[in-house]
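# Coordinates in review
Take a look at the letters that make up each chain.
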Amino acid sequence: MRAVRTSLVFVVLLFAVTACAGGGRPVDLANVTSVPGPSPVGVEENPSQSATSTAPAPPCDPMASFRPPASMPTPGQMPDGSTMRAIQDTGKLIAGVDQNTFLFGFRNPTTGSLEGFDIDRVHEIAAAIFGDPNKVQFKVVTSNNRIDALEKGEVHVVVRTFTANCARWQQINFSNTYYVAGQRLLVDRQSNVTSLDQLGGKKVCAAKGSTSIKTITEHQAKPIPVQVDNWSDCLIMLQQGQVVAVSTDDTILAGMVAQDPNVKMVGDRFTQEPYGIGIPKANVDMVRFVNGVLAQSIADGKWRDSYDKWLGRTGEQAPAPPAPVYLPE
Ligand code: GLU
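Now for a description of the structure that goes with this document. Every value quoted in this text rests on a predicted model; they were computed, and no experiment measured them.

Parameters at a glance
Residues numbered from 1 in each chain as written. Predicted model: local features only at pLDDT ≥ 70, side-chain atom pairs only at ≥ 80, totals over all residues. Heavy atoms only, no water. Pairing = 2+ DSSP bridges. Helix = DSSP H or I, 4+ residues; strand = E, 2+ residues; numbered from the N terminus. Near = heavy atom within 4 Å. Polar contact = N/O pair within 3.5 Å; in protein donor to acceptor, adjacent residues only side chain to side chain. Areas by Shrake-Rupley, 256 points an atom, 1.4 Å probe, with all protein chains shown as cover. Nonpolar A, V, L, I, M, F, W, Y, C, P; charged D, E, K, R; others polar. Expected span 1.5 Å × (residues − 1). Buried < 20%, exposed > 50% of the residue type's maximum accessible area, 1.4 Å probe, protein only. Core = buried A, V, L, I, M, F, W, Y, C linked by side-chain atoms within 4.5 Å. Contact = heavy atoms within 4.5 Å. Disulfide = S-S within 2.5 Å.

A few words now on the sheet that holds strand E15 (residues 263-266). Spatially, the six strands line up as an open sheet ordered E1-E13-E12-E14-E11-E15, and their pairing is mixed. Bordering the open sheet on either side are strand E1 (44-45) and E15, each of which pairs with just one other strand. Judged from the two bridges that link them, strand E12 (residues 203-207) and strand E14 (residues 245-249) form a sheet pairing that is parallel. The partner of Val204 across the bridge, within E14, is Ala245.

As structure tokens, then:
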């Protein structure tokens, strides 16, 4: 019985091999020129102004945050009744992060782990709460759902290239600034473009819900904003020639340059994007605690090591860590 089955398999294989070797051309050849290039899920061209605008906010200093406690609690012994104690009791810090932004929050394809400058900050907070940097549950959030995830209590913190600005301060709290980025432009290596001023009527990509898409939409040159869910979608659209530029923080663009030698970053910074860790509005004690963690990280050189590891490769001179600015008590 077994011999019969083996020879049957052999005959079928032989038939398959001869069929391939017969030189028969594949039928139904699609005319590739008529096939539109694939677009990322959720891509939207020229979104309505209301989709990118934010409610006017009273003026503020977006970099000013709450002063850390006079002394930090011992890891594993968070004060009774505090937000940090509630997190300690659940056993994991739930952190909203990105998995598509090389250098800041990305999935290492070899190890499957999330890594980057933002991910280092998450591990430092977990270490300060639990005495264990790995007591973390990562939740991937897009630029567009960072605030929602905090407001709904789905995450304890958002560490995701998150610009602190006055409009966002209306909805959530931010830690002290742990890095100051700035918006720039990314184009094909062959392109002569150096500024958004040259891109009137041309498609420029950024993530939905980012400060970058708002800046593109409001730019005097009137480029056509193309918004997507993930920054990696913008790089793919640039590679496929579906947009002529990507415009966002130089940090995110540096990650794209590191991934693709056919693209280049051009022009000067034209915005200032101070990164803060997003924390729900009610949890001021957690903001103070996180500011203590950031101050410690800067003081003991961990911030600098993390900067060198992730951003040192961009060749830019390491900036001094941002000095903390505190709100009046
Ligand atoms: N820093 C900008 C922002 O928070 C752009 C980066 C991003 O969306 O991830 O909107």
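Structure's up, so let's keep going.
So, about the site of the ligand. Around the ligand sit 15 residues, and of these Ser143, Thr161, Thr163, Thr211 and Asp249 come closest. Arg160 is positioned with one of its side-chain polar atoms (N or O) 2.8 Å from an oxygen atom of the ligand. At a separation of 3.2 Å, an oxygen atom of the ligand approaches a polar side-chain atom of Trp231. Computed on the free molecule, the ligand has an accessible area of 280 Å², of which 100% lies beneath the protein chains in the complex. For the shell around the ligand, the elements supplying multiple residues, two or more each, are helix H7 (211-218) and E14. Broken down by class, the residue content of the shell around the ligand amounts to four nonpolar, seven polar and four charged.

Look at helix H4 (residues 117-130): 20 Å from first C-alpha to last across 14 residues, which is about the 20 Å you get at 1.5 Å a residue. Of all 14 residues that make up H4, eleven are buried, and the element is covered over most of its length. When H4 is considered as a whole, its buried residues turn out to be Phe117, Asp118, Ile119, Arg121, Val122, Glu124, Ile125, Ala126, Ala128, Ile129 and Phe130. A positive phi of about 80 degrees marks Gly131, the residue just after H4.

A few words now on the sheet that holds strand E5 (residues 105-107). Across the sheet, three strands lie side by side as E4-E5-E6; this open sheet has antiparallel pairing. Looking at the sheet topology across the chains shown, the edges are occupied by strand E4 (100-101) and strand E6 (114-115). Where E5 meets E6, two bridges bridge the pair, whose relative direction is antiparallel. Bridged to Arg107 within E6 is Leu114.

By size, the foremost hydrophobic cluster in this structure holds 79 residues, and its most contacted members are Leu93, Phe117, Ile129, Tyr178, Tyr179, Ile277 and Met286. Ranked by residues supplied to this core, first place goes to H4 with eight residues. Leave out the neighbours within four places in its chain, and Ile277 touches Arg121, Ile125, Val157, Val158, Val159, Asn173, Phe174, Ser175, Tyr178, Val290 and Leu294.

Within the structure shown, the criterion is met by two disulfides. The disulfide that involves Cys60 links it to Cys166, with 2.2 Å between the sulfurs. Classification of the bridge connecting Cys60 and Cys166 rests on its S-S torsion, roughly -100 degrees, and on that basis the disulfide is left-handed. In this pair, Cys60 is assigned in the loop between helix H2 (49-52) and strand E2 (64-65) and Cys166 in helix H6 (residues 166-169), connecting sequence segments 106 residues apart. With a relative accessible area of 36%, Cys60 lands in the partly exposed category. Classification of Cys166 by relative accessible area gives buried; the value is 17%. In this model, Cys205 is linked to Cys234 through a disulfide, with the two sulfur atoms separated by 2.1 Å. When the S-S torsion is -80 degrees, as for the bridge of Cys205 with Cys234, the disulfide is left-handed. Residue Cys205 is found in strand E12, and its partner Cys234 is found in helix H8 (residues 231-239); the two are separated by 29 residues along the sequence.

Purely geometric numbers; function is a separate question.
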